[in-house]
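Commentary on secondary and tertiary structure
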Amino acid sequence: QVQLVESGGGLVQAGGSLRLSCAASGLTFGGYTMGWFRQAPGKEREFVAAISWSGGTTTYADSVKGRFTISRDNAKNTVNLQMNSLKSEDTAVYYCARNRGATVTTASIGGYDYWGQGTQVTVSS
């Protein structure tokens with residue numbers, strides 16, 4: 001059974017930090033790019049960050065660049081998102097996803113084939 005399970009969400013004040021984790025099982029993890037997306041109420045799902053299979057290439061949305069850091073541990077089948085200097089506009093449900101490829105850190109939703117159920121992040125101002 002394929003599972004991507006996100007954790008680490010919660011309520012935090014503006015300027016604070018959270019660390020999201022995504023644990024993968026039932027699928028090949030180490031050979032694929034992984035990504036984080038988010039969806040705020042009434043808005044479309046949007047790209048946040050992606051990391052290639054080796055961790056050597058990362059890509060970030062302009063809105064989070066310099067504040068968020070994506071990382072992965074292929075031995076543990078996990079991908080993480082460290083979020084610092086959080087803003088109210090970061091409030092959303094955050095999803096991790098597996099890309100169809102290994103090296104391309106695409107922001108396109110269509111490039112991802114497996115998705116988690118999401119974890120809520122709420123930033124109070």
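That block above? That's the structure.
Residues numbered from 1 in each chain as written. Predicted model: local features only at pLDDT ≥ 70, side-chain atom pairs only at ≥ 80, totals over all residues. Heavy atoms only, no water.

Now for the packing of aromatic side chains. The full count for this structure, using the stated rule, is four aromatic pairs. On the numbers, 4.9 Å between centres and 80 degrees between planes, the contact of Phe37 with Tyr112 is edge-to-face. Placement of Phe37 in strand S4 (residues 34–39) and of Tyr112 in strand S10 (residues 112–115) is noted, with a sequence separation of 75 residues between them. With respect to burial, Phe37 and Tyr112 carry one shared label: buried. Among the aromatic residues, those joined into a cluster by ring pairs are Phe37, Phe47, Tyr112 and Trp115. Taking NZ or CZ as reference, Arg45 lies 5.0 Å from the ring centre of Trp115, over its face. Above the face of the Tyr32 ring, Arg98 is positioned so that its terminal group lies 3.9 Å from the ring centre. (Phe/Tyr/Trp six-rings, centres within 6.5 Å; stacked < 30°, edge-to-face > 60°. Helix = DSSP H or I, 4+ residues; strand = E, 2+ residues; numbered from the N terminus. Buried < 20%, exposed > 50% of the residue type's maximum accessible area, 1.4 Å probe, protein only. Lys NZ or Arg CZ within 6 Å of the ring centre and 35° of its normal.)

Here we come to the pairing of S4. S4 sits mainly inside the fold: five of its six residues count as buried. One ladder, built from five bridges, connects S4 with strand S5 (residues 46–51); its direction is antiparallel. Looking across to S5, one finds that Arg38 is bridged to Glu46. Once S4 ends, the chain turns through six residues before running back antiparallel as S5, passing Gly42 with a positive phi of about 75 degrees. Bridge count between S4 and strand S9 (residues 92–99): six bridges; the pairing is antiparallel. Bridging across to S9, Arg38 finds its partner in Tyr94. (Pairing = 2+ DSSP bridges.)

What follows deals with the nonpolar core. Residues Trp36, Val79, Leu81, Met83 and Tyr94 are the most contacted members of the largest nonpolar core, which totals 33 residues. Listing elements by their share of this core, those giving two or more residues are strand S3 (18–25), S4, S5, strand S7 (68–73), strand S8 (78–83), S9 and strand S11 (119–124). With five residues, S5 is the single largest residue contributor to this core. (Core = buried A, V, L, I, M, F, W, Y, C linked by side-chain atoms within 4.5 Å.)

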